[in-house]
Amino acid sequence: MLGELSASLVHELNQPLAAILSNAQAAQRFISRDQPDLAEVRSILDDIVANDRRAGQVIQRLRALFRKDRSQQREVDVKQIVLEVLQLIRNDLLNRGIGVEAELDDDLPVATGDSVQLQQVLLNLTMNACEAMEGSGVREPIRARARRKDTQTIEVSISDSGPGVSEEQLGSIFLPFMTTKPKGMGLGLAVSRSIIEAHGGRLWVLSTPGQGATFGFDLPIAAAPAAP
Ligand code: ADP
């Protein structure tokens, strides 16, 4: 249990730390120019602050777990979560030359859950999409979608135009420590799946090898409050 927890902590903290580093390096490049673009530096600093806060939240949540507090089950605005994640990785995507197109329904109902955990899942899926496309040299934008699937379910998905997932890989990609990346930990999808299942949802993948992959999750819509 402790081993799994610390592996997942390493994984969750790696992401904001890597983002902070690449943002700080970008800021260094910007200010060493003859005429530094201060507006750009300011926005990079905002991103550093946001990523640092995220790392803080991950640690706080872990502390709560050790104190055996309940995870933060609140009403969550899924559209807001998608937008926050896209903002968090904005610079990373710019550096990699990858665009994003978002299709987010305006009248999405709320779900119930832990917004930091749901952010973590979306970060994993989006970073995986970027890494898949980097290897293949394709530069189509990533598509982020959030829609009401039926009366009880919200569906969120991230599509890429990378190499996709082969039939034989499909059986194992959600297992812990399954990775095809030289520096991968193989924990992203395993952790994401347990988070989504703890929310009463389902993590899924659709892929036509050679034509990209769509990873997504279904979340139950929050029950309407009981009439007074
Ligand atoms: P990691 O990213 O550390 O490898 P993950 O659990 O997030 O760990 O992913 C496991 C494996 O699933 C990856 O190594 C990769 O082979 C495959 N995978 C994940 N996302 C995609 C994607 N969007 N396209 C193709 N393969 C993917």
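For the structure, check the block above.
The rules we used
- Positions within a chain are numbered from 1, following the residues in the order the chain's sequence is written.
- Whole-chain, interface and lining totals are the exception, using all residues; otherwise, since this is a predicted model, local features are given only for residues with pLDDT of at least 70 and side-chain atom pairs are given and counted only at 80 or more.
- Excluding hydrogens and water, the side-chain values take into account all heavy atoms of the structure.
- Every helix listed is a DSSP run of H or I at least four residues long, and every strand listed is a run of E at least two residues long, numbered separately from the N terminus.
- The rule is simple: take the accessible area with a 1.4 Å probe, protein chains only, and divide by the maximum for that residue type; under 20% is buried, over 50% is exposed, in between is partly exposed.
- It only takes one pair of heavy atoms within 4.5 Å for two residues to be counted as in contact.
- Nonpolar cores were defined as sets of buried Ala, Val, Leu, Ile, Met, Phe, Trp, Tyr and Cys residues, with membership established by side-chain atoms within 4.5 Å.
- Near, as used in this document, describes a residue that has one of its heavy atoms within 4 Å of the molecule or strand being considered.
- Pairing of N or O atoms within 3.5 Å defines a polar contact, subject to two protein rules: one partner must be a possible hydrogen donor and the other a possible acceptor, and residues neighboring in sequence count only if both atoms are side-chain atoms.
- The Shrake-Rupley method, run with a 1.4 Å probe sphere, supplies the accessible areas, and residue values consider only the shown protein chains as cover.
- Polar here means any residue outside two lists: the nonpolar Ala, Val, Leu, Ile, Met, Phe, Trp, Tyr, Cys and Pro, and the charged Asp, Glu, Lys and Arg; Gly therefore counts as polar.
- Fitting a line to C-alpha atoms yields each axis, with helices limited to the stretch in contact; the angle taken between N-to-C directions then spans 0 to 180 degrees.
- Comment on the angle field: the value is read as roughly parallel under 35 degrees, roughly antiparallel over 145, roughly perpendicular from 65 to 115, and oblique elsewhere.
- Two helices that cross are described as forming a left-handed crossing if the nearer one is turned anticlockwise from the farther one by less than a right angle, and a right-handed crossing if clockwise.
- Any two strands are treated as partners once DSSP identifies two or more bridges connecting them.

Engineer: How should the overall build of the chain be read in this particular structure?
Structural biologist: Secondary structure assignment for the chain yields 7 helices and 7 strands. Tracing the chain from N to C terminus, the helices and strands come up as α-α-β-α-α-β-β-α-β-β-α-α-β-β. In the chain, buried positions account for 44% of the 228 residues. Pairs at least 24 residues apart make up 75% of the contacts formed inside the chain by residues separated by at least 6 positions.

Engineer: Honestly, the nonpolar core in this entry has me stumped. Any pointers?
Structural biologist: V78, V82, L122, L125, V156, F215 and F217 are the most contacted members of the largest nonpolar core, which has 42 residues in total. Mapped onto this core, the elements with two or more residues apiece are α3 (78-88), α5 (115-136), β4 (142-150), β5 (153-160), α7 (188-198), β6 (202-207) and β7 (213-220). In terms of residues, this core owes the most to one element, α5, which gives 9 residues. Apart from residues lying up to four places away in sequence, F217 is in contact with V121, L122, L125, I154, E155, V156, I196, R202, L203 and W204. The next biggest cluster of nonpolar side chains, apart from the first, holds 7 residues, and it includes I20, A27, F30 and I48.

Engineer: Hey, could you run me through the site of the ligand in this one?
Structural biologist: Around the ligand, the structure places 19 residues, and the nearest of them are N128, D160, T179, T180 and K181. The contact in question runs from an oxygen atom of the ligand to an N or O atom on the side chain of K181, over 2.7 Å. In this structure, L189 approaches the ligand through a main-chain N or O atom, which is 2.8 Å from an oxygen atom. When the free accessible area of the ligand is taken as 540 Å², the share hidden by the protein chains comes to 93%. The set of elements that each furnish at least two residues to the shell around the ligand consists of α5 and α7. Examining the composition of the shell around the ligand, we find that 3 residues originate from one element, α5, more than from any other. Per-class residue counts for the shell around the ligand are 9 nonpolar, 8 polar and 2 charged.

Engineer: Any chance you could explain the packing of α3 against α5 here in plain terms?
Structural biologist: Geometry of a packed helix pair, given as the angle between the helix axes and the separation of the axes. At a minimum axis separation of 9 Å, α3 and α5 run at an interaxial angle of 55°. Regarding the angle of α3 to α5, the classification is oblique. At the point where α3 passes α5, the crossing takes the right-handed sense. On the side of α3, the interface is formed by I81, V82, E84, V85 and L88, while α5 contributes S115, L118, Q119, L122, L123 and T126. Residues that form the contact of α3 with α5 fall into these classes: 7 nonpolar, 3 polar and 1 charged.

Engineer: Could you clarify how one ought to interpret the environment of E84 in this entry?
Structural biologist: Inspection of the secondary structure assignment puts E84 in helix α3. Along the backbone, E84 and A50 are 34 residues apart, and their C-alpha atoms lie at a distance of 9.5 Å.

Engineer: Looking at this structure, how should I read α7?
Structural biologist: Residue pairs three or four apart in sequence face the same way in an α-helix, which turns once every 3.6 residues. Those residues of α7 that sit buried are G188, L189, A190, V191, S192, I195 and I196. Positive phi shows up at G200, right after α7, with a value of about 75°.

Engineer: Would you explain the sheet that holds β6 in this entry?
Structural biologist: Adjacent strands of a sheet pair through backbone hydrogen bonds, lying either parallel or antiparallel. The sheet built from 5 strands is open, its strands ordered β2-β4-β5-β7-β6 with mixed pairing. The open sheet has two edge strands with one neighbour each: β2 (100-104) and β6. Averaged over all pairs of adjacent strands, the angle between their axes in this sheet comes to 20°, without regard to strand direction. Packing of α5 onto the sheet brings it into contact with β4, β5, β6 and β7, and relative to β5 it is tilted by some 25°. In the packing of α7 onto the sheet, contacts are made with β6 and β7, and the angle to β6 comes to roughly 130°.

Engineer: Got a minute to help me understand the side chain of Q15 in this structure?
Structural biologist: Looking at the secondary structure, you find Q15 in helix α1 (residues 2-31). In contact with Q15, other than residues within four places in its own chain, are Q120, L123, N124 and M127.

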